[in-house]
Amino acid sequence: MTAAFRLEVLGPSHAREAFACGVEALDGYFVRQASQDVRRRASTCFVAVDASSGKVAGYYTLAAGGVPLTDLPEALTKRLPRYPSVPVARVGRLAVDQAFHGQKLGGALLADAALRAMRSDVAVFALVVDAKDDAAEAFYLHHGFERFGVNGRQLIVSLRRFVQEGE
Ligand SMILES: CC(C)(COP(=O)(O)OP(=O)(O)OC[C@H]1O[C@@H](n2cnc3c(N)ncnc32)[C@H](O)[C@@H]1OP(=O)(O)O)[C@@H](O)C(=O)NCCC(=O)NCCS
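Conventions we followed
Residues numbered from 1 in each chain as written. Predicted model: local features only at pLDDT ≥ 70, side-chain atom pairs only at ≥ 80, totals over all residues. Heavy atoms only, no water. Near = heavy atom within 4 Å. Polar contact = N/O pair within 3.5 Å; in protein donor to acceptor, adjacent residues only side chain to side chain. Areas by Shrake-Rupley, 256 points an atom, 1.4 Å probe, with all protein chains shown as cover. 1 Å grid on protein atoms, 1.4 Å probe; cavity = no way out; pocket = protein on both sides within 12 Å on 5 of 7 lines; lining within 4 Å. Sits in = over half its atoms within 2 Å of the grid points. Core = buried A, V, L, I, M, F, W, Y, C linked by side-chain atoms within 4.5 Å. Buried < 20%, exposed > 50% of the residue type's maximum accessible area, 1.4 Å probe, protein only. Helix = DSSP H or I, 4+ residues; strand = E, 2+ residues; numbered from the N terminus. Phe/Tyr/Trp six-rings, centres within 6.5 Å; stacked < 30°, edge-to-face > 60°. Lys NZ or Arg CZ within 6 Å of the ring centre and 35° of its normal.

Asker: I'd like a rundown of the site of the ligand, residues and numbers included.
Answerer: Not every one of the 21 residues close to the ligand is listed here, only the nearest: Leu-94, Val-96, Gly-102, Lys-104 and Gly-106. At a separation of 3.5 Å, an oxygen atom of the ligand approaches a polar side-chain atom of His-101. Take Gln-103: an N or O atom from its main chain is 3.4 Å from an oxygen atom of the ligand. For the ligand, the protein covers 72% of the area, taking 910 Å² as the surface of the free molecule. Mapping the ligand onto the cavity grids shows that it belongs to the largest pocket.

This is the structure we're talking about:
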């Protein structure tokens, strides 16, 4: 995270109504649903706050998950035990307010998610996302994710690879 932004756990002090990333579903989720999902322990939500204005510049959600070993490319799994499911951290949603696009904040949010997953006491092998459209998929491919599985636009990157390449 750059000095221009503070990364915080979503809380009541964050003004969510003004958030506008350009995708209504992601804005609406942030305003109406994110806090409820946190309360129910369905996901955590982190926000990047613009240090100078105090505005919410971006957010992402994170939850534990599993993907079938057989869905993954062999290059990723050859050193893993043959358990049926591989433990992953799922970035459910990630968005940057339009006023802050192009400042490397999206990449910084992804890096923050990877670091938190890497530091977790619960073992996690990779970060996984379901990209909602071609542009989102291109963003994740640009950051080293690769496609896997047969359902939709699922993408994965091993944490080891992501954190090493980001260094
Ligand atoms: C996609 C999104 C998160 C990118 O955020 P951002 O802060 O503008 O992106 P960044 O400045 O961090 O970009 C970092 C890098 O990714 C690249 N990038 C950004 N968006 C990209 C896209 N859609 N496709 C390919 N590359 C992309 C940038 O060119 C930059 O490359 P560089 O590091 O080589 O210079 C933002 O545009 C957004 O919120 N969009 C709407 C919501 C959305 O689609 N969310 C994603 C999935 S749910």
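Asker: Outline the nonpolar core, listing residues and values.
Answerer: If you look at the biggest cluster of nonpolar residues, it comprises 28 residues, and the most contacted ones within it are Tyr-60, Val-91, Leu-105, Leu-127, Tyr-140 and Phe-145. Those elements that place two or more of their residues in this core are β2 (44-50), β3 (56-68), β4 (85-96), α4 (105-119), β5 (126-130), α5 (134-142), β7 (154-158) and α6 (159-166). Take this core: its biggest share by element is 6 residues, from α4. Counting residues in each nonpolar core, the second largest holds 13 residues, with Cys-21, Phe-30, Val-49 and Tyr-59 among its members.

Asker: Please give an account of the packing of aromatic side chains that cites residues and values.
Answerer: Counted by the stated rule, this structure contains 9 aromatic pairs. Ring centres 6.5 Å apart and planes at 20 degrees place the aromatic pair Tyr-29 and Tyr-59 in the stacked group. Residue Tyr-29 is found in helix α1 (residues 24-32), and its partner Tyr-59 is found in strand β3; the two are separated by 30 residues along the sequence. Their ring planes at 70 degrees and their centres at 6.2 Å tell us that Phe-145 and Phe-162 sit as a pair that is edge-to-face. Taken as a pair, Phe-145 in the loop between α5 and β6 (146-147) and Phe-162 in helix α6 lie far apart in primary sequence, 17 residues in all. The same class applies to Phe-145 and to Phe-162, which are both buried. The rings of Phe-19, Tyr-29, Phe-30 and Tyr-59 are connected pair by pair, giving a single aromatic cluster. Geometry around Tyr-29 places Arg-93 over its ring, the cationic atom sitting 3.9 Å from the centre. We note Arg-116 situated over the ring of Phe-46; from NZ or CZ to the ring centre the distance is 3.9 Å.

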